[in-house]
Amino acid sequence: DDPTPIVAHIAVKLLLEAGVPNTVLQLLPGRGSTVGAKLIADPRVGGVCFTGSTKTAQMIHSAMADTVHPAAPLIAETGGLNAMIVDSTALPEQAVKDIIASSFQSAGQRCSALRLLYLQEDVAPAFLEMLYGAVDELNQGDPWDFNRDLGPVINEGAQSEINEYIEQARTEGRLLKQVNAPDSGIYVAPTIIKVSGIADMQREIFGPVLHIATFKSTQIKKIVADINASGYGLTFGLHTRIDDRVEYLTSELNVGNMYVNRNQIGAIVGSQPFGGEGLSGTGPKAGGPHYVARFVQPDLVNSQIPNVPMANPLEVQRALDQIVPPSRQTLSTEDLPGPTGESNRLSVYPRGTVLCLGPTREDALAQAKIAQSQGCKTLIVAADVSGNGSIAGQLERLELETLSGFDVVALWSDEADLRQARKALAARKGAIIPLACSKEMASYCVMERHVCVDTTAAGGNASLLAAVG
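For clarity, every value in this text was computed on a predicted model and none was experimentally measured.

Analysis parameters
- Residues numbered from 1 in each chain as written.
- Predicted model: local features only at pLDDT ≥ 70, side-chain atom pairs only at ≥ 80, totals over all residues.
- Heavy atoms only, no water.
- Helix = DSSP H or I, 4+ residues; strand = E, 2+ residues; numbered from the N terminus.
- Buried < 20%, exposed > 50% of the residue type's maximum accessible area, 1.4 Å probe, protein only.
- Contact = heavy atoms within 4.5 Å.
- Areas by Shrake-Rupley, 256 points an atom, 1.4 Å probe, with all protein chains shown as cover.
- Patch = residues over 30% accessible without salt bridge, like charges linked within 9 Å, V, L, I, M, F, W, Y side chains within 5 Å.
- Salt bridge = Lys/Arg side-chain N within 4 Å of Asp/Glu carboxyl O.
- Pairing = 2+ DSSP bridges.
- Right-handed = clockwise from strand over helix to strand, strands pointing away.
- 1 Å grid on protein atoms, 1.4 Å probe; cavity = no way out; pocket = protein on both sides within 12 Å on 5 of 7 lines; lining within 4 Å.
- Points joined across faces, edges and corners; volume = space filled by probe spheres on them.
- Nonpolar A, V, L, I, M, F, W, Y, C, P; charged D, E, K, R; others polar.

Caption draft 1: Up close: the overall build of the chain. Secondary structure assignment for the chain yields 12 helices and 19 strands. Taken over the C-alpha atoms alone, the chain extends approximately 70 × 55 × 50 Å along its principal axes. Every one of the 469 residues in the chain was classed for burial, and the buried ones make up 48%. Within the chain, contacts between residues at least 6 apart in sequence are counted, and of these 72% link residues at least 24 apart. When the accessible surface of the chain is totalled, it reaches about 22700 Å², and 53% of it is carbon and sulfur.

As C-alpha cells, then:
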C-alpha cells in the first residue's frame, strides 16, 4: 500500500477547489508498471515530467522511445548520493544543526537529503561527540505531534530494506551511532555509519541514515574527483570559513544545487531553482528560466536524409576522444531574491560536447553554430563536410548506444530517423542524453547550477551592515 497517491489526492483536491480547471489537472493513481506504462505507451503523450529513481527514469526514457514522438521531452529529477564537507574552520554548532536537519528531517526521505558527511579528521573527535549528542536528542514519533523531530518511513518494505542495510554495517563493524526507534510503527532509528568515501556507497539509502568519512586537509581535490566520478550531482553542502575553498568547490563539483554554511534541503521556489545533473537529473531546473519553455512543442525541421556513405564509428570515437571538454567558465550568472543574510546565485554553464548529425551539411553547420554559441565543443558527422571537427558521412543511429564522449545529440531529420536515434540513446546506461530535434536547441546545450550561501556564517553580511550604517 503506497501512501503517495493519498497525498497526491489531497493536493489535487485542494488545487481543484482553488480554481484550477479539471481539464488541465487530473489524477490517475496506480502502479507505474500498469498505469504509468499505459500512459507512456500512448502516442498522444507530448512529454513526460518525472520525479523518482534514476532506474525508473531510464525505463521511462526507453518506453518513450518506442511509442511517443521522438521529440517529446523527458524532464527527470532523480536521486543522489549527496555529500557535505565540513572542514576544520567550520562553526561546529551550526554545522551540527545543519547536518541533523539535512540527514534526518522527514526521516531522510528527501532526494536532496545529506547521505555522506566528509569531516576533516583534525576536528573529528570533538565534532562527533557533539553530533552524537544531537542525535541522542532527536525525538521520533507521530509527525502530527509538533514535539517530534522525525516520523516513520513510507512503508514496511522501506523499513525492512533500510534495517537490513544497517544490520549489514553492524556486522562489518561500521556502525558508529544509533538511537532507539519507537517499539510500534514503521520507524527506522536514526543511524550513523562509517565509510571511507563515496565510492563505498553503491546506492542511495532513502531513510534516516548518515554515512561519515574523515579526510585530511590535503585530500580536498580527491574528494571532488570522487564525488564527480560517482555520476550523481543533485545537492552538495559545505561548511567552511575559507572563501577560496568555497570558490574552488562550487566551481569544480558537477552538482546542480550547492549550499554553503546552511542545510542542503528544502529548496525555495523563486530563490533556489532545483534539479541535478548526470545520474541525478536531465535538467532544466524546476523554477529556472528554461523550465517552462521545455514544455513547448518545438518546430521540427524534418530535413531529408542525403544518400551518402556511412561514417566509420571508430573514426567518430577517436574524434570524440580527442575533444577537450569546454571550460567551466559561466555563460551567465543571476542573483536571485532570498532572505536577508543569504546569497542565491544561478549560473549557466556549457553542457559539454554536442554531436551534430545534420542530416544535411547546412543543418549540421547550423547545429554546431548554436552549440558553440553556448560554449560547447562540437563534432559534426554529416554529408559533404570537411575540416577539423567534422567527419563526412552519415552515422548509423545504432552507434549512439555505444559511442562515448558526447553530452547532446542534435538531429533535425524525419520522425523515423529521429526515433532510431532516440531508441539508441535510451538504450544507453548512465545519464540520460537529450536529443535536440529543432532549431530551438540552445537550452539543451547548457546546464544550470545554483549556489546558496548563508553569508552571516562567514563573519557577517557586509551589504546588510552597510545598509544599517
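Caption draft 2: A nonpolar patch on the surface, seen in detail. The grouping of I6, I10 and L14 at the surface amounts to a nonpolar patch, some 310 Å² of accessible area in total. With respect to the secondary-structure elements, I10 resides in helix α1 (residues 4–17). Accessibility expressed as a relative area gives 48% for I10, which makes it partly exposed.

Caption draft 3: The pairing of strand β14 (residues 353–356), seen in detail. With burial as the criterion, each face of β14 is covered, one bearing T353 and L355 and the other bearing V354 and C356. Strand direction decides the pairing type here: β14 and strand β17 (residues 408–410), joined by three bridges, are parallel. Opposite V354, over in β17, you have V408 as the bridge partner.

Caption draft 4: Spotlight on the pairing of strand β2 (residues 74–77). Of the two faces of β2, both are covered, the one formed by L74 and A76 as well as the one formed by I75 and E77. For strand β1 (residues 48–51) and β2, the ladder comprises four bridges, and the chain directions are parallel. Within β2, the residue paired with T51 across the bridge is E77. In this view, the connection linking β1 to its parallel neighbour β2 by way of helix α3 (residues 54–67) has right-handed handedness.

Caption draft 5: Structural context of empty space enclosed by the protein. Applying the stated criterion across every chain yields a total of four cavities of 30 Å³ or more. Taken as a whole, the largest cavity encloses approximately 170 Å³ of empty space. Considering the residues around the largest cavity, the lining is formed by 16 residues, among which P73, L74, P434, L435 and Y444 are closest to the centre. A class-by-class count of the residues in the lining of the largest cavity yields 10 nonpolar, three polar and three charged. The calculated volume of the second largest cavity comes to roughly 60 Å³. Together, T54, A57, Q58, A76, T78, G278, L279, G281, T282, G430, A431 and I432 line the second largest cavity. The element best represented in the lining of the second largest cavity is α3, accounting for three residues. Residues of the lining of the second largest cavity, tallied by class, amount to five nonpolar, seven polar and no charged.

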